[in-house]
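Coordinate analysis (summary)
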Amino acid sequence: MEDAPSGIKAGKAAGFKVVALVTTHSLEQVRDAGADWIVRDLRDLAVKKYEKGVVEIEIVNAYMD
């Protein structure tokens, strides 16, 4: 999860899927940075499962293209 374009780009460069939060930058900025999913803020995510160090999240409400 990232809220800055530089963090989104770093996550993508490291081979991760990135959930972007539109909290400090605009929707266009995080989309242009290459986010895989974009949500308004953490209220749009829910922890579904946590087991043996693995977290499964659910995106409750995402921006769609």
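Everything discussed here concerns the structure shown above.
Below, the structure is looked at part by part. In this text the structure is predicted, and so the values were computed from the model without any measurement. (Residues numbered from 1 in each chain as written. Predicted model: local features only at pLDDT ≥ 70, side-chain atom pairs only at ≥ 80, totals over all residues. Heavy atoms only, no water.)

Re the pairing of strand E3 (residues 45-51)
Pairing analysis gives six bridges linking E3 to strand E4 (residues 54-59), with the strands arranged antiparallel. Each residue of the ladder has a partner; that of Leu-45, found in E4, is Ile-59. Between E3 and E4, which pair antiparallel in sequence order, lie two residues; one of them, Lys-52, sits at a positive phi of approximately 50°. (Pairing = 2+ DSSP bridges. Helix = DSSP H or I, 4+ residues; strand = E, 2+ residues; numbered from the N terminus.)

Overview of helix H1 (residues 5-13)
Within H1, burial applies to Pro-5, Gly-7, Ile-8 and Gly-11. Buried residues of H1, viewed axially, fall in a sector of 160°; they line one side. Opposite the buried face of H1, at more than 90 degrees from it, the exposed residues are Ser-6, Lys-9 and Ala-13. Against the buried residues of H1 lie strand E1 (19-21) and helix H2 (27-32). Positive phi shows up at Gly-15, right after H1, with a value of about 90°. (Buried < 20%, exposed > 50% of the residue type's maximum accessible area, 1.4 Å probe, protein only. Arc of directions from axis to C-beta. Contact = heavy atoms within 4.5 Å.)

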